[in-house]
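Structure at a glance
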Number of protein chains: 2
Amino acid sequence: MGRVGLPLALSFSSKGVKVFGVEKNKSTLKLLKEKRPPFYEAGLQEALEKSQGSIFFESYDSFSFEQCHIIIIAVGTPLNENFMPNMSSIEDVIKSICRTARNDSIVILRSTLVPGTTEKIIQPLIGRVGKSLHVAVCPERIVEGNAMKEIATLPEIVGADDQDTGNIVRELFLLLGESKKITITNTKTAEAAKIFNNVYRYVTFALANEFALVSEKIGIDAREAIELANRGYPRGPIPMPGPAAGPCLRKDGFFLPNMSNDSLTRLAWFLNESITVHIIETIEKAYDNICGKKIGVLGKTYKADVDDTRDSLAIKLIEELRIKKGAEVISYDPYTTNFSTLQEVLNSEILILAVNHSVFNKINEDMLKNVKFIYDVWGQLSHLDLSSHEIKYVALGKIETWSHKKSLMASF
Amino acid sequence: MGRVGLPLALSFSSKGVKVFGVEKNKSTLKLLKEKRPPFYEAGLQEALEKSQGSIFFESYDSFSFEQCHIIIIAVGTPLNENFMPNMSSIEDVIKSICRTARNDSIVILRSTLVPGTTEKIIQPLIGRVGKSLHVAVCPERIVEGNAMKEIATLPEIVGADDQDTGNIVRELFLLLGESKKITITNTKTAEAAKIFNNVYRYVTFALANEFALVSEKIGIDAREAIELANRGYPRGPIPMPGPAAGPCLRKDGFFLPNMSNDSLTRLAWFLNESITVHIIETIEKAYDNICGKKIGVLGKTYKADVDDTRDSLAIKLIEELRIKKGAEVISYDPYTTNFSTLQEVLNSEILILAVNHSVFNKINEDMLKNVKFIYDVWGQLSHLDLSSHEIKYVALGKIETWSHKKSLMASF
């Protein structure tokens with residue numbers, strides 16, 4: 001019942017499917033039984049409230065899968081300390097399911113898998129314990145924060161090694177939205193296709209960051225140049241620069257057998273991960289030594305308008321400032337618990353806007369009275385007129401000093 | 001009057017602008033005066049025929065720019081032997097223009113330039129010879145082969161350092177199509193934006209090639225996986241794999257100040273350029289030694305359905321086979337002059353389909369009687385049933401041996 005499983009379970013239950021939402025974590029389970037969402041996702045609260053009587057939240061430790069025709073696995077597959085996909089939770093779940101599942105039930109893997117996992121690991125594992133479950137993969141491809149809406153419309157790639165299983169999984173997912181495009185292929189191709197989607201996005205984000213670094217060298221505003229390059233142009237769009245990570249994109253490249261020296265995927269990882277260092281080095285050009293300096297950081301999640309801090313480069317930035325530079329960091333994020341208030345953070349001499357949450361659009365010049373230096377990671381405050389406030393303003397991809405001259409730009 | 005200048009000149013003349021098409025090359029000039037296109041571009045022939053009396057083709061050596069209000073420069077800016085953008089032709093043209101142009105005429109740079117060139121090189125150069133020309137940049141962004149159509153619709157980025165010049169250039173380009181989006185910015189940003197467009201495409205092509213190499217390791221069909229990943233998915237599309245080069249994309253990354261070790265642009269170049277080596281190494285897995293072997297290559301241009309062999313990886317592949325491997329290569333391309341016929345090439349034991357020209361769709365099993373091995377760079381022949389013909393078939397991103405089993409794939 002995580003960020004992948006819960007929205008999917010609620011979507012199926014809203015279509016009249018009898019759903020058991022199985023969860024290991026006791027406090028999550030308690031929240032769910034009280035119809036309280038364990039995390040933020042648009043529309044999730046309402047869906048939970050409406051689900052009364054059509055979904056049954058069950059403890060993983062005591063649940064028997066015997067009563068299920070179809071079992072969807074949506075556990076996480078993070079990287080381990082060797083940057084290897086950690087398959088142990090998936091394997092544990094498969095073993096556990098095999099203990100109580102009836103033969104001929106269908107197991108659908110919704111998690112991100114190394115291409116070949118179903119064929120080389122999951123199916124042999126099921127065979128070894130003497131079960132004859134059917135296995136399919138149907139990888140999750142939603143954007144976090146918009147899951148409830150996207151589940152009804154996104155196409156699905158079903159990987160199945162027999163046509164009957166494929167057809168049943170197709171019928172099942174068609175319940176979520178009649179117009180959903182559903183394609184059946186082999187398991188390995190389905191596993192790879194999903195990773196290609198994520199790696200593609202991640203590499204284009206890294207390239208946007210490369211353009212930001214190049215723009216700083218050239219002396220232009222990367223966001224302006226990218227916006228112009230994209231305006232009405234059919235071959236794009238180039239994404240905007242900014243720290244790119246998060247629990248999906250940051251790890252998925254490591255699921256491919258290509259983390260070699262000549263891999264764009266690998267270099268994209270180094271480039272995206274280096275953005276926090278670049279931010280700090282830029283600040284250090286204004287302040288020779290930031291040890292002991294008070295720095296305020298706005299935003300802690302891995303992207304805008306979500307409450308998820310997993311694999312967040314804002315957190316990495318804060319740690320880097322504290323652990324490697326000895327700075328005194330206070331932070332505020334409207335979606336997380338905080339030890340400082342927004343105004344306390346805004347009172348810092350050095351302010352970093354690390355995550356472009358919509359609510360930060362409300363920040364104005366008068367709220368920044370004590371600020372001397374702003375590093376605006378997403379260019380979100382570029383509309384402010386800071387010239388009269390003696391604030392040095394720098395954005396990722398745009399290095400300008402005290403003068404805050406607008407470039408000659410007009411749209412017709 | 002090259003592939004950028006001629007379509008633009010004809011487009012302006014068709015809108016009632018008095019145009020002088022200035023060309024240095026005598027044989028090109030002769031063809032143009034006879035209304036014969038010097039290269040293939042869809043609709044170019046018709047436009048040339050219609051242009052009777054509204055465009056005047058002139059020799060660069062004797063033309064006086066005094067009679068022009070606006071001078072558009074569309075000379076090539078290739079790389080020199082140090083992989084540096086060769087600016088000498090642009091500088092020569094500027095000097096030549098300055099000799100006869102009236103003061104206050106507007107020079108528009110349509111060529112790809114290193115960001116900063118107009119500011120740091122062109123404007124000082126004009127100043128040194130005592131002229132006061134206005135300078136703007138308006139970079140070409142058409143797709144070769146579809147120039148005539150795209151000129152009327154593509155948005156334009158105008159870089160100008162004074163608003164009046166920018167406005168005049170905007171008015172001029174609006175003549176080409178009322179709905180064209182035209183944005184004015186500074187010269188440096190306009191120069192960079194165009195390169196960002198091209199580098200973005202080039203890096204995504206390289207990533208597609210990386211996915212092809214990964215797919216071969218995993219044992220899936222890269223084109224199938226990418227097609228599935230893209231089908232109806234809003235975050236993409238991922239391009240299809242294949243050699244990526246050509247006179248624009250191959251060089252434009254070198255116009256940015258970021259060809260460093262940690263640059264995606266640089267790595268994309270190495271990855272795209274390495275595809276010819278990968279193709280040859282794959283063939284060498286089937287034939288230990290290809291020295292002296294007869295190899296047929298279909299296609300020589302840099303991409304499908306154009307007649308342009310500049311910066312073509314098909315040519316590089318042929319040279320690599322001949323010069324580094326000692327193979328005996330014969331080749332055929334419907335858009336170029338050939339020393340062999342199509343059927344002669346199709347009679348080779350080893351056949352490489354190097355460029356996916358539409359006409360090659362007509363190739364069928366019966367035309368491949370002597371072929372033992374096909375390397376299909378673009379997967380264009382994957383629909384053929386070669387199993388009964390004992391032909392080993394390999395595509396970039398799809399290594400399968402004699403059995404030509406279709407994967408379980410259906411679309412609903």
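Residues numbered from 1 in each chain as written. Chains lettered and ligands numbered in written order. Predicted model: local features only at pLDDT ≥ 70, side-chain atom pairs only at ≥ 80, totals over all residues. Heavy atoms only, no water.

With that settled, the discussion passes to the overall build of chain A. A tally of regular secondary structure across chain A gives 14 helices and 14 strands. The C-alpha radius of gyration computed for chain A amounts to 24 Å, which stays within 12% of the reference 22 Å derived for 412 residues, consistent with globular compactness. In terms of overall dimensions, chain A has C-alpha extents of about 70 × 45 × 45 Å along its principal axes. In chain A, which comprises 412 residues, the share counted as buried stands at 57%. Long-range pairs, those at least 24 residues apart, make up 69% of the contacts in chain A between residues at least 6 apart in sequence. Just so you have it, chain A exposes about 16,900 Å², and 52% of that area is on carbon and sulfur atoms. The centroid of the 49 positive side-chain charges in chain A is displaced by 1 Å from the centroid of its 50 negative side-chain charges. (Helix = DSSP H or I, 4+ residues; strand = E, 2+ residues; numbered from the N terminus. Rg over C-alpha atoms; globule rule 2.2 N^0.38 Å. Buried < 20%, exposed > 50% of the residue type's maximum accessible area, 1.4 Å probe, protein only. Contact = heavy atoms within 4.5 Å. Areas by Shrake-Rupley, 256 points an atom, 1.4 Å probe, with all protein chains shown as cover. Lys, Arg positive; Asp, Glu negative; His and termini not counted. Charge placed at Lys NZ, Arg CZ, Asp CG, Glu CD.)

Our next topic: the nonpolar core. It is characteristic of soluble globular proteins that their nonpolar side chains tend to be buried jointly. Grouped together as the largest cluster of nonpolar side chains are 107 residues, with contacts concentrated most on A:I94 and B:I94. Each residue touching B:I94, except ones within four places of it in the same chain, is listed here: B:I73, B:V107, B:L109, B:I122, B:L125 and B:I126. (Core = buried A, V, L, I, M, F, W, Y, C linked by side-chain atoms within 4.5 Å.)

Once that is clear, we can look at the relation of the copies chain A and chain B. Its rotation angle being 180°, the transformation that places chain A on chain B also includes 0.0 Å of axial translation and leaves an RMSD of 0.0 Å. Taken together, these values place the two copies in the relation of a two-fold axis. Proximity to the rotation axis, assessed at the C-alpha, singles out A:L264 in chain A; its C-alpha lies 3.2 Å from the axis. Taken together, the interface assignments show that 100% of the residues at the interface of chain A recur at the interface of chain B, consistent with an identical surface on both copies. (Least-squares fit on C-alpha atoms with pLDDT ≥ 70 in both.)

All names here are of chain A. Under the definition given, this model contains 22 aromatic pairs over all chains. A centroid spacing of 5.9 Å and a plane angle of 75° characterise the contact between Y287 and F373, whose relative ring orientation is edge-to-face. Here Y287 is found in the loop between α12 (275-286) and β8 (294-298), whereas its partner F373 is found in strand β11 (residues 373-376), with 86 residues between them in sequence. Like Y287, the residue F373 is buried in the burial classification. An aromatic cluster of three or more residues is present, and its members are F20, F56, F63 and F65. (Phe/Tyr/Trp six-rings, centres within 6.5 Å; stacked < 30°, edge-to-face > 60°.)

Residues and elements named next belong to chain B. Taken together, six strands build an open sheet; the order of strands is β9-β8-β10-β11-β12-β13 and the sheet is mixed. Edge positions in the sheet fall to β9 (328-332) and β13 (398-399), since each has one partner strand and no second. Bridging between strand β8 (residues 294-298) and β9 involves five bridges; their strand directions are parallel. When the sheet's bridge partners are listed, V297 is paired in β9 with S331. The strands touched by helix α12 (residues 275-286) within the sheet are β10 (350-353), β11 (373-376), β12 (392-395) and β13, with β11 carrying the most contacts at an inclination of about 160°. (Pairing = 2+ DSSP bridges. Axes fitted to C-alpha atoms, helices over the stretch in contact; angles between N-to-C directions.)

All names here are of chain A. Spatially, β9-β8-β10-β11-β12-β13 is the arrangement adopted by the six strands of the open sheet, whose pairing is mixed. Edge positions in the sheet fall to β9 (328-332) and β13 (398-399), since each of these pairs with one other strand and no more. The pairing of β11 with strand β12 (residues 392-395) spans four bridges and is classified as parallel. Considered in β12, the bridge of F373 is made with K392. Relative to β11, α12 is tilted by about 160°, and along the sheet it contacts β10 (350-353), β11, β12 and β13.

Of the residues lining the interface, 72 residues belong to chain A; the matching set on chain B comes to 72 residues. Approximately 6,200 Å² of surface area, both sides summed, lies buried where chain A meets chain B, with 68% of it carried by carbon and sulfur atoms. One salt bridge in this structure joins B:R235 and A:E150, with 2.8 Å as the shortest N-O distance. Across the contact surface, chain A and chain B share 27 residue pairs in polar contact (both at pLDDT 80 or more). Those elements that place two or more of their residues in the side of chain A that touches chain B are β6 (156-160), α7 (163-174), β7 (182-185), α8 (187-218), α9 (222-230), α11 (264-273) and β14 (410-411) of chain A. (Buried area = accessible area lost by both parts, 1.4 Å probe. Salt bridge = Lys/Arg side-chain N within 4 Å of Asp/Glu carboxyl O. Polar contact = N/O pair within 3.5 Å; in protein donor to acceptor, adjacent residues only side chain to side chain.)

Below, the discussion takes up the side chain of A:E156. All names here are of chain A. In this fold, E156 is placed in strand β6. Here R110 takes part through its side chain, which lies 2.7 Å from a polar atom of the side chain of E156. Other than its neighbours up to four places away in sequence, E156 contacts R110, C138, P139, R141, F173, K180, K181, I182 and T183.

Residues and elements named next belong to chain B. The alternating pattern of β12 places K392 and V394 on one face and Y393 and A395 on the opposite face, and all of these are buried. In this structure, β12 lies alongside β13, joined through two bridges in antiparallel fashion. From the neighbouring strand, A395 faces β13, where its bridge partner is K398. Between the antiparallel neighbours β12 and β13 lie two residues, among them G397 with a positive phi of about 90°.

Our focus in this paragraph is the environment of B:M148. For B:M148, the location among the structural elements is in helix α6 (residues 147-151). B:M148 has contacts with B:P7, B:L10, B:S11, B:A42, B:G43, B:L44 and B:A47, leaving out every residue within four places of it along the chain.

Okay, the pairing of strand β7 (residues 182-185) of chain B next. Residues and elements named next belong to chain B. Judged by which residues are buried, β7 turns out to be covered on both faces: I182 and I184 on one side and T183 and T185 on the other are all buried. Where strand β6 (residues 156-160) meets β7, four bridges bridge the pair, whose relative direction is parallel. Counterpart to I157 in the pairing with β7 is T183. Taking the sense of rotation as the criterion, the β-α-β connection linking β6, helix α7 (residues 163-174) and β7 turns out right-handed. (Right-handed = clockwise from strand over helix to strand, strands pointing away.)

This part is about the packing of helix α4 (residues 88-100) of chain A against helix α5 (residues 117-128) of chain A. Axes are the key here: two packed helices are described by the angle between their axes and the distance separating the axes. Residues and elements named next belong to chain A. Interaxial distance between α4 and α5 falls to 10 Å at its minimum, and their mutual angle equals 30°. Taken together, α4 and α5 sit at an angle that is classed as roughly parallel. Two packed elements cross with a definite hand, and for α4 against α5 that hand is right-handed. Judged by residue contacts, I90, E91, I94, K95 and C98 of α4 engage I121, I122, L125 and I126 from α5. Taken together, the residues of the contact of α4 with α5 sort by class into seven nonpolar, no polar and two charged. (Parallel < 35°, antiparallel > 145°, perpendicular 65-115°, else oblique. Left-handed = near helix turned anticlockwise from the far one by under 90°. Nonpolar A, V, L, I, M, F, W, Y, C, P; charged D, E, K, R; others polar.)

Here we take up the pattern of salt bridges. Two side chains that carry opposite charge are able to pair once their charged atoms sit near each other. Residues and elements named next belong to chain B. Under the definition given, this model contains 42 salt bridges over all chains. The salt bridge involving D61 is made with K26; its shortest N-O contact spans 3.3 Å. One end of the pair, D61, is in the loop between β2 (55-59) and β3 (70-73); the other, K26, is in helix α2 (residues 26-33), with 35 residues separating them in the sequence.

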